[in-house]
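# Summary of structural features
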Amino acid sequence: MKDLTYRSIEDHSNAVKQALENPESFWSKIAEGFHWHKKWDTTLEYDFNQPSVKWFLGGQLNITENCLDRHLTTHPDKTSLIFEPNDPSEAAQHISYRTLHQRVCRAANMLKANGAKKGDRICIYMPMVPELTIAVLACARIGAIHSVVFAGFSASALAARINDAHCSLLLTADGGFRGSKVTPLKEIADDALLNCPSINNTIVLKRTGQHVSWNKKDLWWHEEVEKASDVCPAEVMDSEDPLFILYTSGSTGKPKGMVHTCGGYMVYTAYSFQNVFQYQKGDVYWCTADIGWITGHSYIVYGPLIVGATTLMFEGVPSYPDYGRFWEVCAKHKVNQFYTAPTAIRALQKHPTELVTKHDLSSLRVLGSVGEPINEEAWHWYDKYVGKHECPIVDTWWQTETGGILITSLAGITPQKPTYATLPMPGIQVVLLDAEGNELAGEAEGILAISHPWPSIARTIWGDHKRYKNVYFSAYPGYYFPGDGALRDAKGNYRITGRVDDVVIVSGHNLGTAPIENALNEHELVVESAVVGFPHDVKGNALHAYVIVNSKIIDETKMTDELRSLVAQTIGPIAKPDRIQVVSGLPKTRSGKIMRRILRKLAAGEHGSLGDVSTLLNPEVVEEIKKNS
Ligand code: WT7
């Protein structure tokens, strides 16, 4: 593969310049480094007003040939995947590119034998084991659209996602190990499937060996792959054919199925992976995310495999068997690049530093952060104890929708600045807007927007192009609007200040407040609710729910317990509110809109800075909430 790496700050600034002058020739040159069955005719066609974005039109490819086949001629025996199990006493696995290729082909044939074909949607609800990566790539091999659902989601969240995309197959496991817990995935899936008529078969991987109930549509993974051949020619895909759907939460109750396509996603994930982490031949790279999120898709699976890297996949959690597990794994596998989330760093920071210092972390060269703003204290702890002041930290800003990292420093190449994601990647045209949509110049604070498409921008929301337009292209016409605020320093570095919509980032997880409110409102005692985020020293943000109840005499402890489990059942345990406060009313405008801005301030304890509340329909509830919080 052609070397895509910028090796100096001059390389970076030249690239920025070239990309600005002629974006199409810039991206075209990068795309030439990949394996295409047919070269594209047109590099880019777009119209942000439609909106419509198409890259490398007429080009044909299969991303798995770029992830796997291509490496078989150059380094078949190199480790593609290192699997580190939840339990440190279970042996790690090193899977070569040759073996991964064979296993993906076998799994692809297993999918075909069970009726899957190009364009079908396949839901994957699996723990972090090698078969999850294999399942993802097997779908891509045959041109089926994968929809990975994080294995921490509830039955109803799983069902909603399966139904939204009309998935025909479900790939799951008997259970999953996570720390000292076992998640009964098959049982949850069985529950979900009571309401999913589109699923023809469920293929079940045996991981925990726990008892599972068996239905006539169920098949064992190990029995099915046994029957399958390991020869599976890759389906030739058009550049703009969908590769996958991944759901993310939005401001309304329904999750958004972001659609990513084959060509542009391939080009951008490889380009960004290589440049941000400065991966070198022989390095071991570890991203601690789950493949259920975009970080895992782009930077555990696709980006690293396309460039032929060794990518580590960890089944467990940072606290098991103790809070030193991350560092033990880094030392054990001599990890060179380590990519994690601020919430994990803040959790680990609370424990004795000896849990870090007793491990040999001398292999580490690059540290990364993703998912939410990294606060100063966490940044310095990461830098001092993990990086020993010798590893550049890349603070990478991006989204499920962007497919890849858009704002970041390049490790050791461009300057870092604590709490700043720093500069846009070459090829990414970032602007700051004021509330009226005017571009701000120089040092400024405003709304983050992007003025030109990049190859891995999500093309639509599955089944709802109108919503795609409304959410991302309507507030500021002519721009992609990510929903974040930011400030820019005199050198052009960006610092992300947080969401400007009703999405709260809790422990790096993107949670819409609307679905949580809907879940709370299901409770027989709840009349109305409003959920907002408030700052939390480990999770970044936590949730505060204000609820109006329809009875004076209630057992509040019982009700709040019930509300929490209702949210856990409907969405997943990550969405449980930390605080539930019973109120007699919610602050509303005269038109009846809940003033979330005021609730956010109240939840944060900023009682002094509420602004003028006299124009509210019911200013008295503000006093009441203050008094009782
Ligand atoms: C939202 C996207 C990117 C993959 C994981 C999350 C926040 C993400 C950063 C960062 C400040 C960040 C933003 C963004 N965010 N990375 N480095 N600094 N904020 O993907 O679930 O789609 O969430 O996460 O608010 O919009 P996601």
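Bear in mind that the values here come from a model prediction, so they are computed numbers and not experimental data.

## Focus: the site of the ligand
For the ligand, the set of nearby residues contains 18 residues, the closest of which are Asp395, Thr396, Thr400, Asp484 and Arg499. At a separation of 2.8 Å, a nitrogen atom of the ligand approaches a polar backbone atom of Thr396. With respect to the ligand, the side chain of Arg499 contributes an N or O atom lying 2.7 Å from an oxygen atom. In the complex, the protein chains occlude 95% of the 550 Å² of accessible area that the ligand would expose alone. Grouping the amino acids of the shell around the ligand by side-chain chemistry returns 7 nonpolar, 6 polar and 5 charged.

## Overview of the pairing of strand 29 (residues 540–549)
In terms of burial, strand 29 is largely enclosed, as 9 of its 10 residues are buried. With 10 bridges joining them, strand 28 (residues 526–536) and strand 29 adopt antiparallel strand pairing. The residue of strand 29 that forms the bridge with Pro535 is Asn541. In sequence, strand 28 turns back onto strand 29 through a hairpin of 3 residues. Both strand 29 and strand 30 (residues 579–583) contribute to a ladder of 5 bridges, which runs parallel. Across the sheet, residue Ile548 finds its bridge partner in strand 30, namely Val583. In this view, the connection linking strand 29 to its parallel neighbour strand 30 by way of helix 17 (residues 556–570) has right-handed handedness.

## Considerations on the sheet that holds strand 8 (residues 169–173)
Either a parallel or an antiparallel arrangement is found when strands of a sheet pair, and the pairing is made through backbone hydrogen bonds. Here we have 8 strands laid out as an open sheet, ordered 12-11-8-6-7-14-15-23, and mixed in their pairing. Of all strands in the sheet, those with a lone pairing partner are strand 12 (218–220) and strand 23 (460–461), marking the two edges. With 6 bridges joining them, strand 14 (residues 242–248) and strand 15 (residues 256–261) adopt antiparallel strand pairing. Along strand 15, the bridge assignment pairs Pro242 with Thr261.

## A closer look at the sheet that holds strand 22 (residues 444–450)
With respect to topology, 4 strands assemble into an open sheet ordered 21-22-24-25, the strand pairing being antiparallel. Each of the sheet's edge strands pairs with one partner strand only, and the pair in question is strand 21 (430–433) and strand 25 (494–499). Neighbouring strand axes in the sheet, compared pairwise and without regard to direction, differ in orientation by 45° on average. As judged from the 4 bridges shared by strand 22 and strand 24 (residues 484–488), these two strands associate in the antiparallel manner. Counterpart to Ile447 in the pairing with strand 24 is Gly485.

## Structural notes on the domain arrangement of the chain
We note that the domain assignment places domain 1 (9–62 + 241–498), domain 2 (65–235) and domain 3 (503–628) within the chain. Centre-to-centre, using C-alpha coordinates, domain 2 lies 38 Å away from domain 3. The interface of domain 2 with domain 3 comprises 6 residues on the first partner and 6 residues on the second. Here domain 2 meets domain 3 over a buried area of about 390 Å², counting both sides, of which 55% is carbon and sulfur. Counting the contacts that link domain 2 with domain 3 gives 0 salt bridges. Linking domain 2 to domain 3 there are 5 residue pairs in polar contact (both at pLDDT 80 or more). Of the residues belonging to the side of domain 2 that touches domain 3, the class tally is 3 nonpolar, 3 polar and no charged.

## Observations concerning the packing of aromatic side chains
Under the definition given, this model contains 42 aromatic pairs. When the centroid spacing of 6.3 Å and the interplanar angle of 75° are considered together, the rings of Phe314 and Phe326 count as edge-to-face. Of the two residues, Phe314 is situated in strand 17 (residues 310–314) and Phe326 in helix 11 (residues 325–333); the sequence distance between them amounts to 12 residues. Residue Phe314 is classed as buried on the basis of its relative accessible area of 4%. What makes Phe326 buried here is its relative accessible area of 3%. In this structure an aromatic cluster arises from ring pairing among Tyr6, Phe26, Trp27, Trp36, Trp40, Trp55, Phe56, Tyr268 and Tyr271. Lying across the ring of Tyr420, Lys417 places its NZ or CZ 4.2 Å from the centre.

## Some details on the pattern of salt bridges
If the charged atoms of two oppositely charged side chains come close together, the side chains can form a pair. The final tally for this structure, using the stated rule, is 33 salt bridges. Measuring nitrogen to oxygen at the nearest pair gives 2.9 Å for the salt bridge that ties Lys332 to Glu84. On the criterion of sequence distance, the pair formed by Lys332 in helix 11 and Glu84 in strand 4 (residues 79–84) is long-range, its members being 248 residues apart. Residue Glu84 is classed as buried on the basis of its relative accessible area, which comes to 0%. Measuring nitrogen to oxygen at the nearest pair gives 2.7 Å for the salt bridge that ties Asp489 to Lys417. Of this pair, Asp489 sits in the loop between strand 24 and strand 25 while Lys417 sits in the loop between strand 20 (393–396) and strand 21; the two residues are 72 residues apart in sequence, bridging distant segments of the chain. Since its relative accessible area comes to 29%, Lys417 is described here as partly exposed.

## Quick look at the nonpolar core
Grouped together as the largest cluster of nonpolar side chains are 162 residues, with contacts concentrated most on Leu111, Ile124, Trp221 and Tyr302. The greatest single-element share of this core, amounting to 10 residues, is contributed by helix 9 (residues 262–277). Not counting the four nearest positions on each side in its chain, Trp221 is found in contact with Ala107, Met110, Met126, Glu131, Ile134, Ala135, Ile203, Val204 and Leu205. Val284, Leu312, Val329 and Val386 belong to the second-largest nonpolar core, a separate cluster that totals 26 residues.

## Digging into unusual backbone geometry
Backbone torsion omega between Gln50 and Pro51 reads -10°, so that peptide bond is classified as cis. For Pro51, the location among the structural elements is in the loop between strand 1 (42–47) and strand 2 (52–57). Geometrically, the link from Tyr320 to Pro321 is a cis peptide bond, its omega value of -5° lying close to zero. In this structure, Pro321 sits in the loop between strand 17 and helix 11. Residues other than glycine seldom take positive phi values, yet Lys334 does so here, at roughly 50°.

What counts as what
Residues numbered from 1 in each chain as written. Predicted model: local features only at pLDDT ≥ 70, side-chain atom pairs only at ≥ 80, totals over all residues. Heavy atoms only, no water. Near = heavy atom within 4 Å. Polar contact = N/O pair within 3.5 Å; in protein donor to acceptor, adjacent residues only side chain to side chain. Areas by Shrake-Rupley, 256 points an atom, 1.4 Å probe, with all protein chains shown as cover. Nonpolar A, V, L, I, M, F, W, Y, C, P; charged D, E, K, R; others polar. Buried < 20%, exposed > 50% of the residue type's maximum accessible area, 1.4 Å probe, protein only. Helix = DSSP H or I, 4+ residues; strand = E, 2+ residues; numbered from the N terminus. Pairing = 2+ DSSP bridges. Right-handed = clockwise from strand over helix to strand, strands pointing away. Axes fitted to C-alpha atoms, helices over the stretch in contact; angles between N-to-C directions. Domains from an automatic or database assignment. Contact = heavy atoms within 4.5 Å. Buried area = accessible area lost by both parts, 1.4 Å probe. Salt bridge = Lys/Arg side-chain N within 4 Å of Asp/Glu carboxyl O. Phe/Tyr/Trp six-rings, centres within 6.5 Å; stacked < 30°, edge-to-face > 60°. Lys NZ or Arg CZ within 6 Å of the ring centre and 35° of its normal. Core = buried A, V, L, I, M, F, W, Y, C linked by side-chain atoms within 4.5 Å.

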